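# Observations on chain architecture
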Amino acid sequence: MSPPAPGGRAQSAPLMGRAAEPTIFELSAPGRRSWQLRTTDVPEWPAEELVAAEHRRRAPVPLAEVSERDLVAHVTRLSHRQYSVDLGAYPLGSCTMKYNPKSCDTVAALRGLAGVHPAAPASTSQGWLALLVELEEALCAITGMAAATFQPAAGAAGELTGLLLMRAYHDAHGQRRRRVIIPDSAHGTNPASVSLGGYEVTTVPSDDRGCVDMAALRGVLDGDVAGIMLTNPNTLGLFEEDIEAIATAVHEVGGLLYYDGANLNAILGVVRPGDMGFDIVHLNLHKTFATPHGGGGPGAGPVAVSERLADFLPGPRPVRVPEDDGTTRYGREMPPRSIGRVHSWHGNALVLARALAYIRVHGGDGLRRVAERAVLNANWLRVRLSSTYDVPFDRPCMHEVVLAAATLKRRYGLRALDVAKCLLDEGFHAPTVYFPLVVEEALMVEPTETESPQTLDALAEAFERIAAAAAADGGLDAAHAAPRTTPVGRLDEARAARTLVPTFDARGG
Amino acid sequence: MLVPDDLRYSKDHEWARPAGTTVRVGITDYAQDALGDVVFVDLPAVGKVVSAGDVLGEVESTKSVSEVYAPVGGTVVAVNASLSEAPEKLNADPYGDGWLCDIEVADADAPSSLLDADAYRRLTGS
């Protein structure tokens, strides 16, 4: 029996039996409603007289018919079958699933914030606008940028916004550039955003240290390159040490540097993208600044830019308006050459309030400690597990470490997927598997700064136990049977993908 | 890992089986094992003209989507349409029922520039 891991291990999570939860349609009873109108003296009026025939449905939509009590019970039972950041450690690499402080939720729930309609005039929304201006200044100070938009709803929306800014900038300079460069280790959303933004992707390979191959980069740079999208630290969890040379080379051909801020919490308060030479930065507030995400969203993907791109930002933006009497008011302003709106109002505003609360609670030195702990935790795991698992890039990592089960697979047949499933039985969420694609049998572990040394120790022990068990007689069969303790066992992922059934037929069959 | 002696291989893990002026093409046992369970195969159109190294199509597994490259240049004259219904053939029989397409080559000697079985075994350590 391993020592308790406060907060990190969820093996004690209770379940009321092993039965599968029915779908909401299976709980449906004809005519049952979750609302009723009380008896009033307001006269009834036939729908036919209120709504024109062409706007009326011919038949009711076949929705589930349940009472409020049944609905809440169903959703609560489902929620009890979920793993979550509040339940235990969630080392899902690249996703930064860290614990979100409840104080930030308290701030977002303040009536003065949650109760304000976004269409309220600026004169009655001064507090909100001041909050947004303050957050913009904080994010610009953290990233080394000049101005920001809060509209993008999450990371991928931020990427597209960044590419549209890139296009607007080149258009304004009368240049038609067609290509955007992406390293082969990039997040999968990068090439998708490039295509959606109307550009062609040029991929540059990683070198044997896991960083951008400078010679290959120079080989693809020319006047047709609109820019490069980089994550630093990159998706292998490694810092791009040649970043200044990369920035110089891209700027020399007139291209722009886009910073994918997915991994910002490794460098928070330590180094700034603006100082590295980046022109456009998106931030995942729902990762670095501890706001909910992963189905619990909504997210927020603000985009910050250098001075020369500020005029193109989406709008209207919250701004300070100096008054004649020396005081400051807050208003909204459309940037002169704006690409337009990418979201209504100011994006997912209550997420922004949480992020500012997080920044204010930590302060500058606190944010730096966030990054230092995140990097320390990942490196502790890297060193601890390097005798059991492959470490493809044996150098200090940043906030996440890429391990691999390639040797375990060759020796015992134990694959990364098996390790992930066995970890569930150990009471932990699985790490990211088979990503980055350039690493065989990759296991991408991101402990985040919120896990304690005891939790890291318990997590490492679990990894070690799984590897040791595979070497024993019958160990591989046992690993293939995992998970055994979860509400649903090993799924046939291949069959699910080959014969995809995305809908539920309420009539059965 | 199975590496039949009578085939030729590319460094990108495709195999080529010459038969007169056409060459049958597929992915190797090593490739299907690395990909894992294949769930979708995107095949080239019959009549497509490719150069050696061009993208022929895509193979999607539960882990990833990977491009398949033409080991030889020529014209695609037949594709294994049964893969759209049964992509698992790529895993079960990569050198037989799991073939991808036939390419008619202009240069009948083209496959000889590819790796032989011994060289491919060395490349993959199998």
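Values in this document were obtained by computation on a predicted structure and should not be read as measured data.

## Some points on the overall build of chain A
When its secondary structure is counted, chain A shows 17 helices and 12 strands. Relative to the globule expectation of 23 Å for 509 residues, the C-alpha radius of gyration of chain A, 26 Å, shows essentially globular dimensions. Summarising its shape, the C-alpha atoms of chain A cover approximately 80 × 75 × 45 Å along the three principal directions. Each of the 509 residues in chain A was classed as buried or not, and the buried ones make up 48%. Restricting to contacts in chain A with at least 6 residues of sequence separation, those with at least 24 account for 72%.

## As for the interface of chain A and chain B
Each partner contributes residues to the interface: chain A has eight residues there, and chain B has 10 residues. For the pair chain A and chain B, the interface holds three salt bridges. The partner of A:Glu441 in a salt bridge is B:Lys63, with the nearest N and O atoms 3.3 Å apart. The tally of links between chain A and chain B comes to four residue pairs in polar contact (both at pLDDT 80 or more). Sorting elements by how many residues they give to the side of chain A that touches chain B places helix α17 (residues 493-498) of chain A first, with four residues. In terms of residue class, the side of chain A that touches chain B is built from four nonpolar, no polar and four charged.

## Some remarks on the sheet that holds strand β2 (residues 179-183) of chain A
All names here are of chain A. Within the open sheet, the seven strands sit side by side as β1-β7-β6-β5-β4-β2-β3. Their pairing is mixed. Looking at the sheet topology across the chains shown, the edges are occupied by β1 (147-149) and β3 (200-204). Averaged over all neighbouring strand pairs, the angle between strand axes comes to 25°, with direction disregarded. Where β2 lies against strand β4 (residues 225-230), three bridges are found, and the strand directions are parallel. Within the sheet, the bridge partner assigned to Arg179 lies in β4 and is Val225. Relative to the sheet, helix α6 (residues 155-172) contacts β2, β4, β5 (256-261), β6 (280-283) and β7 (303-305), its axis offset from that of β5 by approximately 170°.

## A few points about the pattern of salt bridges
Residues and elements named next belong to chain A. Within this structure, the stated rule accounts for 35 salt bridges over all chains. A salt bridge links Arg9 to Glu426; the shortest N-O distance between them is 3.0 Å. Linking Arg9 in the segment before α1 (47-50) with Glu426 in the loop between α14 (416-425) and β11 (432-433), this pair joins segments that are 417 residues apart in sequence. A relative accessible area of 12% places Glu426 in the buried class. Where Asp275 meets Arg272, a salt bridge forms, and the shortest distance between an N and an O atom there is 2.9 Å.

## Topic: the packing of aromatic side chains
All names here are of chain A. What the rule picks out here adds up to seven aromatic pairs over all chains. When the centroid spacing of 4.9 Å and the interplanar angle of 80° are considered together, the rings of Tyr259 and Phe278 count as edge-to-face. Of this pair, Tyr259 sits in strand β5 while Phe278 sits in the loop between α10 (273-276) and β6; the two residues are 19 residues apart in sequence, bridging distant segments of the chain. Since its relative accessible area comes to 0%, Tyr259 is described here as buried.

## Focus: a nonpolar patch on the surface
All names here are of chain A. Taken together, the side chains of Trp45, Leu50 and Val51 present a nonpolar region at the surface, about 330 Å² in accessible area. The topology assignment puts Leu50 in helix α1. With a relative accessible area of 61%, Leu50 lands in the exposed category.

## What to know about unusual backbone geometry
All names here are of chain A. Residue Pro233 is reached from Asn232 by a cis peptide bond, and omega for that bond is 0°. By the secondary structure assignment, Pro233 is in the loop between β4 and α9 (243-252). Residue Ser94 is not a glycine yet carries a positive backbone phi of 80°. Turning to its location among the elements, Ser94 is positioned in the loop between α2 (68-80) and α3 (102-108).

## Digging into the packing of helix α12 (residues 349-385) of chain A against helix α15 (residues 453-471) of chain A
All names here are of chain A. Remark: α12 packs on α15, axes separated minimally by 11 Å, with the N-to-C direction vectors making an angle of 30°. For the element pair α12 and α15, the recorded crossing hand is right-handed. Across from Asn377, Trp380, Leu381, Arg384 and Leu385 in α12, the residues of α15 making contact are Leu456, Asp457, Leu459, Ala460, Glu461, Phe463 and Glu464. Its residues assigned to classes, the contact of α12 with α15 comprises seven nonpolar, one polar and four charged.

## Examining the pairing of β5(A)
Residues and elements named next belong to chain A. Extensive coverage of β5 is indicated by the burial of six of its six residues. Here β5 shows no split at all, with Leu256, Tyr258 and Asp260 on one side and Leu257, Tyr259 and Gly261 on the other all buried. Note that β4 and β5 share four bridges and pair parallel. Directly across from Ile228, in β5, lies its bridge partner Leu257.

## Focus: the confidence of the model for chain B
Residue and element names in this part refer to chain B. With 100% of its residues at a pLDDT of 70 or more, chain B has an overall mean of 93. Mean pLDDT in chain B bottoms out at strand β7 (residues 65-69), which sits at 90, and peaks at strand β9 (residues 101-104), which reaches 97. The complex model carries a pTM of 0.87, and its ipTM stands at 0.77.

The rules we used
- Residues numbered from 1 in each chain as written.
- Chains lettered and ligands numbered in written order.
- Predicted model: local features only at pLDDT ≥ 70, side-chain atom pairs only at ≥ 80, totals over all residues.
- Heavy atoms only, no water.
- Helix = DSSP H or I, 4+ residues; strand = E, 2+ residues; numbered from the N terminus.
- Rg over C-alpha atoms; globule rule 2.2 N^0.38 Å.
- Buried < 20%, exposed > 50% of the residue type's maximum accessible area, 1.4 Å probe, protein only.
- Contact = heavy atoms within 4.5 Å.
- Salt bridge = Lys/Arg side-chain N within 4 Å of Asp/Glu carboxyl O.
- Polar contact = N/O pair within 3.5 Å; in protein donor to acceptor, adjacent residues only side chain to side chain.
- Nonpolar A, V, L, I, M, F, W, Y, C, P; charged D, E, K, R; others polar.
- Pairing = 2+ DSSP bridges.
- Axes fitted to C-alpha atoms, helices over the stretch in contact; angles between N-to-C directions.
- Phe/Tyr/Trp six-rings, centres within 6.5 Å; stacked < 30°, edge-to-face > 60°.
- Patch = residues over 30% accessible without salt bridge, like charges linked within 9 Å, V, L, I, M, F, W, Y side chains within 5 Å.
- Areas by Shrake-Rupley, 256 points an atom, 1.4 Å probe, with all protein chains shown as cover.
- Left-handed = near helix turned anticlockwise from the far one by under 90°.
- pLDDT = per-residue confidence, 0-100.

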